[in-house]
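Chain residues, written in single-letter form:
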Amino acid sequence: MGLELSHVDVGKGSQTILFIHAFPLDRRMWRQNYPASGGGFRVIVPDLRGFGASAKLPLHDSIDRHADDLASFLDALKITKVVAVGISMGGYIALALARLHASRLSGLLLADTKGTSDGEAQRQARQASIETVERDGVSALFEKMIPNLFTDGTPPSIVDTFRQIAATQSSAGVTSALRAMRDRADSTPHLAHIKVPTRVVVGRDDKITPLADADALASSIPCAKRIIIERAGHSTCIEQPEAFAAALGDLLAETNQ
Ligand code: MLT
C-alpha cells in the first residue's frame, strides 16, 4: 500500500536520494541535479500533492501532511530510508519529515530554507499571494517572485524554463501550498533531535531565506555543516548546480560510511 505520487525513479545503489521540490514548481526543477548525483544511487523525484502530475490528488493545505505523504509514498516504493534533499518549501517538508518520520532518514540536505514558521507579516504576505493567484493566476505570482528567486547573473533562459514550469501549476494546488506554508509548524524546537548527517546549503545572495536563517538551522542541528554557495540567490540547485552537487556529494560521502 502507500500513496502514489507521480515521480521519476532512476539509478541503483545502496543509498536512495529523495529530492523535494520548491514552490510553485514540480519535479522538473531538479532535472539538472539528479543526473549530477553520479552513479551508485537510486534517485526518487516526486511531484508533491497538488503539483505537476500529482495535481489531481485531493488537497490538504498542510506541510506536515506533505511529510506524511512522502512517508506513505516511500512505503509504496518499499523504501525504508532516504537522504532527503529539500529546497525552500521542500526544506520545510524535509524538516517535517525529520520531526514526524525520523526513522525514514539517513541524511538531510536543507537548501535555502528555514526552521521557523511564518511571522505575522509573512502570513499577511501569503494571504496577498493567495489573492494574486485567485485574481490573476499562478504566472502573475511567479513574476512577482522572480527578483527574489534568482540573482541578476542567472541566464534569462533558465528563468524562462522555471517560468514555464510555474505556469503549468494549478491555482488550487498553489493556493493550497500557500496556506500550508502560512500555517506550518515551527521546526526549531525539534532541530536538536535531528541525529542524521545534515548539510545546510544557502546562496550567498538568498533574499528569502538569508544566511542568518541558514546559520540558525546549522547551529541548532547537531550533525549539520553549513555550505554557502557563491553567485546564487534562493535557487542554489538551479543557479549553481555544480556547487550544489558538490555539497550533496559531501553529504553522501558521510551517509555512506
Ligand atoms: C519556495 O521557494 O519554495 C518559497 O519561496 C518558500 C516560501 O515562500 O517560504
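So, here's what we can say about the structure. Fair warning: this is a prediction, and the values are worked out from it, not measured in the lab.

## Overview of the packing of helix 3 (residues 120-136) against helix 6 (residues 171-182)
- At a minimum axis distance of 9 Å, the contact between helix 3 and helix 6 shows a crossing angle of 175°. Judged by the inter-axis angle, helix 3 sits roughly antiparallel to helix 6. Along its contact with helix 3, which presents Arg123, Arg126, Gln127, Ser129, Ile130, Val133 and Glu134, the element helix 6 presents Ser171, Val174, Thr175, Leu178, Arg179, Met181 and Arg182.
- Taken together, the residues that form the contact of helix 3 with helix 6 break down as five nonpolar, four polar and five charged.

## What to know about the site of the ligand
- What surrounds the ligand is the set Ala22, Phe23, Ser88, Met89, Tyr92, Arg126, Met181, Ile208 and His234.
- Between the ligand and Ser88 there is a distance of 2.8 Å, counted from an oxygen atom to a side-chain nitrogen or oxygen.
- Protein contacts shield 92% of the accessible area of the ligand, which totals 270 Å² for the unbound molecule.

## So, the nonpolar core
- Counting 82 residues, the largest nonpolar core has Phe23, Trp30 and Met89 as its most contacted members.
- Of the residues forming this core, the biggest block, eight residues, is contributed by helix 2 (residues 89-100).
- For Trp30, the residues in contact, after removing those within four places along its chain, are Phe19, Ile20, His21, Val45, Val85, Ile87, Cys237 and Phe244.

The rules behind each value
Residues numbered from 1 in each chain as written. Predicted model: local features only at pLDDT ≥ 70, side-chain atom pairs only at ≥ 80, totals over all residues. Heavy atoms only, no water. Axes fitted to C-alpha atoms, helices over the stretch in contact; angles between N-to-C directions. Helix = DSSP H or I, 4+ residues; strand = E, 2+ residues; numbered from the N terminus. Parallel < 35°, antiparallel > 145°, perpendicular 65-115°, else oblique. Contact = heavy atoms within 4.5 Å. Nonpolar A, V, L, I, M, F, W, Y, C, P; charged D, E, K, R; others polar. Near = heavy atom within 4 Å. Polar contact = N/O pair within 3.5 Å; in protein donor to acceptor, adjacent residues only side chain to side chain. Areas by Shrake-Rupley, 256 points an atom, 1.4 Å probe, with all protein chains shown as cover. Core = buried A, V, L, I, M, F, W, Y, C linked by side-chain atoms within 4.5 Å. Buried < 20%, exposed > 50% of the residue type's maximum accessible area, 1.4 Å probe, protein only.

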